[in-house]
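Inside the fold
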Amino acid sequence: MTLLHAWLIEPFGYDFMQRGLLSALLLSISGGLLGSVLVLRRLALMGDALTHSLLPGLALAWMLLGRGPLALLAGAVATGLITVLGSALIGRLTRLKEDAAFGSFFLVAYAAGIALVSQAGTRVDLLHFLFGNVLGVSPVDLVLSASAAGITLIAFVIAYRGIVLEIFDPIFSRSAGMRGGWYYGGFLVLAVVNLVAALQTMGVILALGLFLLPAATAYLWCDRFATMLGLSVVVGMAGSAVGLALSYHTGISSGPSIVLSLGAAFLGSALGSPRYGLLHAARQAWRERRSVRHTTD
Amino acid sequence: MAGHDIFRLSDVSVHYGRRAALEGITAQIPCGALVALVGPNGAGKSTLLRSLLGWLPLSRGEIRLGDEHPRHLHPRLAYLPQRLEIDWDFPISVRGVVSQGRWPALGLLGRFNAAERERVDRALEELDLTALADEQIRRLSGGQQQRMFLARAIAQGADIFLLDEPFNGLDLAASAELLHLFQRWLGQGRTVIAAVHDLPLARAHFSHALLLDTRLVAAGPTAEALSEANIDLAYHRRMPVLGARP
């Protein structure tokens, strides 16, 4: 008990740890919700591309406007939009498919981002940008996290039915009078806002981990969409708390340590989930082979 | 209800860019009929289905559904997705899918009360899915999956069912079961319109047929519309006719 206390409770006695934890818990809410859509709509790789494309916008905003959350948000939204619209345009009007367009755009954006950061010299700390720094979570960042989580939660409560239909059966959703384009656009905007909000704690690349990993984990355990949303949020929160404690004790940056603890939950589920895990699949394949051998003998 | 026309098409044309997908279709679809849309690939079967649903702008002509134009959100119309278009691993139960039938009427926030639940229960029961209601949808057979979408349409209150190649990927038993269901509906005032590429199946089981080759080749009771002469015309005599080979 005392060990658990020392390991998991004590670190959160400090103000900066409390702010970091609160921010991560808030973003676990929106991350779980948006991540579930990402997993079911097969947008995981697009999400990855999107996070990389935010870097140049963030770096430019930092250099020109300072490091206020609103400035960073503006920069990120700008380059995020350029990537999404640019690759959609190239995907539609040239013979390139959208994934190749996205991949190319995100590499160029990522390179531009790194070039900008290195040009800025010591004014911008690259490691801080890439991997997050829990020490950097200011009260203003907390407000941004709370707003991002709040807006996302409200959007999901109001548009729940539309979201289910948009993912599950877009044709039916169209015949039911719902506007697919609005849902997709709204989803991208919410994703960018939440990624920026997660920047301080998680870093620009790993922020996606707070979205994707909890949802991928939850998907391996449940057969109802609402349950998946709830479980994703819970997994995200637990992983954030354990990850931040890990970061405190080991000195690993908060982004990687949160992603690693979420990763443990994901790998454990991928192996051991009773219905959809690898072990279950292997056991079934073995049983089938054995029964085939029995019948042929 | 039976006897009058549920759909009336006059001179209907649809273009994709400069290419005509449908040209000058004039036809009536009687209420309570089981109608096969037949024609070679690219003949405009799917385009006609989408036009009947009110999803496509017509470049010429008019479609009337009773006294109205078909449109989005029309509660009488239900479109059944092709089975390939659905992600069967989606975390949802059979009852969850059938409940979606009530959502267009309820909107995003309308309350799903006891009366709504009762409608869903009845739709499940009518299509013999009550025992499977709580299963994840991957665990259904192909025929049961089709019945689930029909149950969603019935929960919606639809009485006109538009299906794009519903027999694709179904085994013989499941096809027979689905046809049996449609036959039972025949004369109950429910209208089924299906794009079908299997000619013998259309001939054997459907009451009416529309034979398309961008233009309308023939329409009417199946035996007349799908006569050998008409089929030759629609398929440009590329169709090997049994017994005609040397």
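Summary of the structure given here.

Cut-offs and rules
- Residues numbered from 1 in each chain as written.
- Chains lettered and ligands numbered in written order.
- Predicted model: local features only at pLDDT ≥ 70, side-chain atom pairs only at ≥ 80, totals over all residues.
- Heavy atoms only, no water.
- Contact = heavy atoms within 4.5 Å.
- Buried area = accessible area lost by both parts, 1.4 Å probe.
- Salt bridge = Lys/Arg side-chain N within 4 Å of Asp/Glu carboxyl O.
- Polar contact = N/O pair within 3.5 Å; in protein donor to acceptor, adjacent residues only side chain to side chain.
- Helix = DSSP H or I, 4+ residues; strand = E, 2+ residues; numbered from the N terminus.
- Nonpolar A, V, L, I, M, F, W, Y, C, P; charged D, E, K, R; others polar.
- Buried < 20%, exposed > 50% of the residue type's maximum accessible area, 1.4 Å probe, protein only.

1. Quick word on the interface of chain B and chain A
Each side of the interface is counted separately: chain B has 31 residues, and chain A has 28 residues. Roughly 2600 Å² of surface becomes buried between chain B and chain A when both sides are summed, with 62% attributable to carbon and sulfur atoms. Summed over the shared surface of chain B and chain A, the result is two salt bridges. Note that Asp223 of chain A and Arg139 of chain B form a salt bridge whose closest N and O atoms lie 3.3 Å from each other. Where chain B packs against chain A, one counts nine residue pairs in polar contact (both at pLDDT 80 or more). Looking at the side of chain B that touches chain A, the elements that each hand over two or more residues are α3 (103–106) and α5 (142–156) of chain B. In terms of residue class, the side of chain B that touches chain A is built from 17 nonpolar, eight polar and six charged.

2. Here's the deal with unusual backbone geometry
Residues and elements named next belong to chain B. We note that Asp128 has phi near 65°; this positive angle belongs to a residue other than glycine. You can see Asp128 is positioned in the loop between α4 (114–126) and α5. In this structure, Glu165 takes a positive phi of about 50° despite not being glycine. For Glu165, the location among the structural elements is in the loop between β6 (160–164) and α6 (172–185). Accessibility expressed as a relative area gives 15% for Glu165, which makes it buried.

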